[in-house]
Amino acid sequence: MEARARTCMGPFISIGTGIPPIDFFSKKKGNFNNAVTTLQAALRLPSRSVGVHRKRERLSMHDNKERFSYFRFDGGERDGEIALDKWKGHQFTRLTGKDKNPGCMTLEKMYVATAAYLAEPKVQQDLTECARILVRRRQLRMRNGSEWDRYASFSYNDCNVEGCARQRSNKAQDFREHLRKFHQKIADHEMERRVLECRRVHGFYRPNPPDATPSAG
C-alpha cells in the first residue's frame, strides 16, 4: 500500500528566490544600530519560506521511509543577496538617461547566480531525480487518458443525442463504447469531436479539455 501511495503522490516541488542573508547585529558600532538591524532581521524572518519547507520535508517522511517525493530548489545564497526591489541598469546608461534595458545589471546578476546554483552537484542530482519522477508520472497517465481525466478533473460525458436512454458516462472511454454500441454512425464519423463536445466537469473546476487523441485503454 505504501509503495502504491508513493507511486500516486507527488512529486511536490518548492521553488525559492534565494536564501537572503540575515544579520542580527549591525556592522556599524553602537547599540542603536544593533537594535535597528535586529528589528529589520526580525521583520524579514516571517517572509522566509524555510519554515514551510522544513514542515513539508518532515511530512514527506514517516518512520524513516519516504511517503512522497519532495524537492526544494531555493536558489542558493548568491541569488538571495540580490535585492529584488532594486532594478539596476548600467551606470553609463543611467547617467545619459537613455537606459534601453532597465534592470539589466540586476538580471545579469540573477543569471550568474542561478547558473552557479544549478551547476551544483546536489542540485543537478535533485533535478535529474525530479525529472525522472515527472516523466514516470506522465507515462502512467498516458496509459489510460480516460482514467486520468476522470481522476484529475472529475469529468464525465453526457450524451447529447436526442432520446438517448443512457445519458451519462463517468469516463471518456465508457462514452466511446456507448457511442459504438448505440450510435454507430456517430462513432464512425465524429467520435472524438463528440467526446469533447459532451465532456463535462463537476463544480466550478474548468480545466482545458484533453487532447482529442483516441484512448488506448
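Residues numbered from 1 in each chain as written. Predicted model: local features only at pLDDT ≥ 70, side-chain atom pairs only at ≥ 80, totals over all residues. Heavy atoms only, no water.

What to know about the nonpolar core
- Residues Cys159, Cys164, Ala172, Phe175, Leu179, Ile186, Ala187, Met191, Val195 and Cys198 constitute the largest nonpolar core, which totals ten residues.
- Residue assignment for this core shows that the elements contributing at least two residues are helix 9 (172-182), helix 10 (184-189) and helix 11 (191-197).
- Ranked by residues supplied to this core, first place goes to helix 9 with three residues.
- With residues near it in sequence (within four places) discarded, cysteine 159 still touches Cys164, Arg166, Gln167, Phe175, His178, His183 and Cys198.
- In this structure, Phe73, Val123, Cys130 and Ile133 belong to the second largest nonpolar core, which totals six residues. (Core = buried A, V, L, I, M, F, W, Y, C linked by side-chain atoms within 4.5 Å. Buried < 20%, exposed > 50% of the residue type's maximum accessible area, 1.4 Å probe, protein only. Helix = DSSP H or I, 4+ residues; strand = E, 2+ residues; numbered from the N terminus. Contact = heavy atoms within 4.5 Å.)

Regarding the environment of histidine 178
- Tracing the backbone through its elements, the reader meets histidine 178 in helix 9.
- In the structure, histidine 178 is positioned ten residues away from arginine 168 in sequence and 9.5 Å away in space, judged by C-alpha atoms.
- With sequence-adjacent residues up to four places away left out, histidine 178 is seen in contact with Cys159, Cys164, Arg166, Ser169 and His183.
- For histidine 178, the side chain forms a polar contact with the side chain of histidine 183, separated by 3.3 Å. (Polar contact = N/O pair within 3.5 Å; in protein donor to acceptor, adjacent residues only side chain to side chain.)

Considerations on helix 7 (residues 121-143)
- For helix 7, spanning 23 residues, the distance from its first C-alpha to its last is 33 Å, which sits close to the expected 33 Å at 1.5 Å a residue.
- Every buried residue of helix 7 is listed here: Val123, Asp126, Cys130, Ile133 and Arg137. (Expected span 1.5 Å × (residues − 1).)

A closer look at the pairing of strand 5 (residues 155-158)
- Here strand 5 shows two buried faces, one formed by Ser155 and Asn157 and the other by Tyr156 and Asp158.
- For strand 5 and strand 7 (residues 199-201), the ladder comprises three bridges, and the chain directions are antiparallel. In the strand pairing of strand 7, serine 155 is matched with valine 201.
- Across two bridges, the pairing between strand 5 and strand 6 (residues 168-169) is antiparallel. Bridging from a neighbouring strand, aspartate 158 pairs with arginine 168 of strand 6. (Pairing = 2+ DSSP bridges.)

Regarding the pattern of salt bridges
- Counted under the stated rule, the structure contains eleven salt bridges.
- We note a salt bridge from aspartate 149 to arginine 199, for which the minimum N-O separation is 2.8 Å. Note that aspartate 149 is positioned in helix 8 (residues 145-153) and arginine 199 in strand 7, a separation of 50 residues in sequence. The pair aspartate 149 / arginine 199 is uniform in exposure class, with both members buried.
- Overlapping salt bridges bring together Glu190, Arg193, Arg194 and Glu197 as one network. (Salt bridge = Lys/Arg side-chain N within 4 Å of Asp/Glu carboxyl O.)

So, the packing of aromatic side chains
- For the coordinates displayed, the defined rule picks out two aromatic pairs.
- For the pair phenylalanine 12 and phenylalanine 68, a centre-to-centre distance of 4.8 Å together with 65° between the ring planes defines the contact as edge-to-face. Within this pair, whereas phenylalanine 12 is found in strand 1 (residues 12-15), its partner phenylalanine 68 is found in the loop between strand 3 (65-66) and strand 4 (70-73), the two being separated by 56 residues in sequence.
- Residue class for phenylalanine 68 comes out buried when judged on its relative accessible area of 5%.
- With centroids separated by 6.4 Å and ring planes inclined at 5°, the aromatic side chains of phenylalanine 71 and phenylalanine 73 adopt a geometry described as stacked. (Phe/Tyr/Trp six-rings, centres within 6.5 Å; stacked < 30°, edge-to-face > 60°.)

Focus: the side chain of serine 14
- Following the sequence through the fold, serine 14 ends up in strand 1.
- Judged by relative accessible area, serine 14 falls into the buried class, the value being 18%.
- Residues contacting serine 14, with those up to four places away along its chain left out, are Tyr70, Phe71, Arg72 and Phe73.

With respect to the confidence of the model for the protein chain
- Taken as a whole, the protein chain shows an average pLDDT of 75; of its residues, 67% reach a score of 70 or greater.
- Contacts of residues 1-5 to residues separated by more than four positions or lying in other chains number one contact, the stretch itself having pLDDT below 50.
- Note on residues 212-217: pLDDT is under 50 here. Beyond four places in sequence and across chains, it has 14 contacts. (pLDDT = per-residue confidence, 0-100.)

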